[in-house]
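# Fold and contact review
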Amino acid sequence: MKKKVRYTVKSITVPVISVLVVAAVAWSRYQRHGDMFYIWLLGGLLAIMLVLMLFFAPVSVSVTDRGIKLKSLLNCKNIPFDKIIKVKEFIPSATAKSPFGSRDWLGSWGWFKDNRIGRYRAFYGKPDECFLVTLSDGKMFLIGCEDHAAVADAIREKMQPDSK
C-alpha cells in the first residue's frame with residue numbers, strides 16, 4: 001500500500017514567497033550598489049533549502065511486508081514492524097517547537113518537540129492527516145498521508161500480535 005503526502009496551500013506558498021522576497025532584496029542591493037554579496041548569499045540559501053527539501057520533504061508513505069517506508073525525493077527511511085509498539089491517530093500542535101525541522105516548507109519534516117508527547121520526527125503534509133508511530137526504543141514518528149486511517153490500520157495488522 002502506497003499513499004501520497006498531500007501538502008497544504010501554505011506549504012507551497014511559504015517557500016515561494018520567501019524565495020521571492022530574498023531574491024528581491026538581493027537584486028535591489030545589487031542594482032543600487034553593485035554588491036554581489038547578497039546575490040551569492042541568495043544562491044547559497046537557495047542551494048541549502050533545495051538540498052534539504054529534496055532529502056527530507058515527504059512525498060509518500062508505503063506499507064511493505066517488512067515495515068513502513070517514508071519516501072522523499074532523494075531519501076528513504078524504513079521503519080521495521082518489529083520495532084513498532086504503538087500506532088494512534090494524532091493531530092500535531094501548532095505550538096510544537098522545531099529545533100531541527102521545517103514546518104510549511106513542502107510539508108512538515110524533521111525533529112520537533114511537543115509538550116503533549118515530547119520529541120518526535122515529523123513526516124507529513126496536512127496536519128489533520130497524521131498518525132503517531134511509537135517504537136520500542138522510545139522514538140516517535142508523526143506520519144501523514146492521504147487516507148491515513150487505512151494506512152494506520154494496515155500497520156496495526158502487520159505488527160506483531162503482542163505489541164498491538
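Remember, predicted model here, so these are calculated numbers, not experimental data. (Residues numbered from 1 in each chain as written. Predicted model: local features only at pLDDT ≥ 70, side-chain atom pairs only at ≥ 80, totals over all residues. Heavy atoms only, no water.)

Within the protein one finds three helices and ten strands. N-terminal to C-terminal, the α/β element order of the protein is β-α-α-β-β-β-β-β-β-β-β-β-α. Accessible surface, the protein as shown: approximately 9600 Å² in total, 61% of it carbon and sulfur. (Helix = DSSP H or I, 4+ residues; strand = E, 2+ residues; numbered from the N terminus. Areas by Shrake-Rupley, 256 points an atom, 1.4 Å probe, with all protein chains shown as cover.)

On to the pairing of strand 2 (residues 60-63). A two-sided burial pattern is seen for strand 2, the buried positions comprising Ser60 and Ser62 on one face and Val61 and Val63 on the other. Across three bridges, strand 1 (residues 2-4) lies against strand 2 in antiparallel orientation. When the sheet's bridge partners are listed, Lys2 is paired in strand 2 with Ser62. Counted between consecutive antiparallel strands, the loop separating strand 2 from strand 3 (residues 67-71) contains three residues. (Buried < 20%, exposed > 50% of the residue type's maximum accessible area, 1.4 Å probe, protein only. Pairing = 2+ DSSP bridges.)

With that settled, consider unusual backbone geometry. Phi at Leu106 takes a positive value of approximately 55°, unusual for a residue other than glycine. The topology assignment puts Leu106 in the loop between strand 6 (97-102) and strand 7 (108-114). One non-glycine residue with positive phi stands out, namely Asp147, at about 55°. The topology assignment puts Asp147 in the loop between strand 10 (140-144) and helix 3 (148-158).

It is worth spelling out the side chain of Arg121 at this point. If you trace the backbone, Arg121 turns up in strand 8 (residues 118-124). Within the buried core, Arg121 has no salt-bridge partner, and the shortest N-O distance to an opposite charge, that of Asp137, equals 11 Å. When residues no more than four places from it in sequence are discounted, the contact partners of Arg121 are Phe56, Lys77, Gly110, Trp111, Met140, Phe141 and Leu142. (Lys, Arg positive; Asp, Glu negative; His and termini not counted. Salt bridge = Lys/Arg side-chain N within 4 Å of Asp/Glu carboxyl O. Contact = heavy atoms within 4.5 Å.)

Buried within helix 3 we find His148, Val151, Ala152, Ala154 and Ile155. The buried residues of helix 3 all sit within an arc of 160° when viewed along its axis, so they share a single face. Along its buried surface, helix 3 packs onto strand 1, strand 2, strand 3, strand 5 (84-89) and strand 9 (130-135). (Arc of directions from axis to C-beta.)

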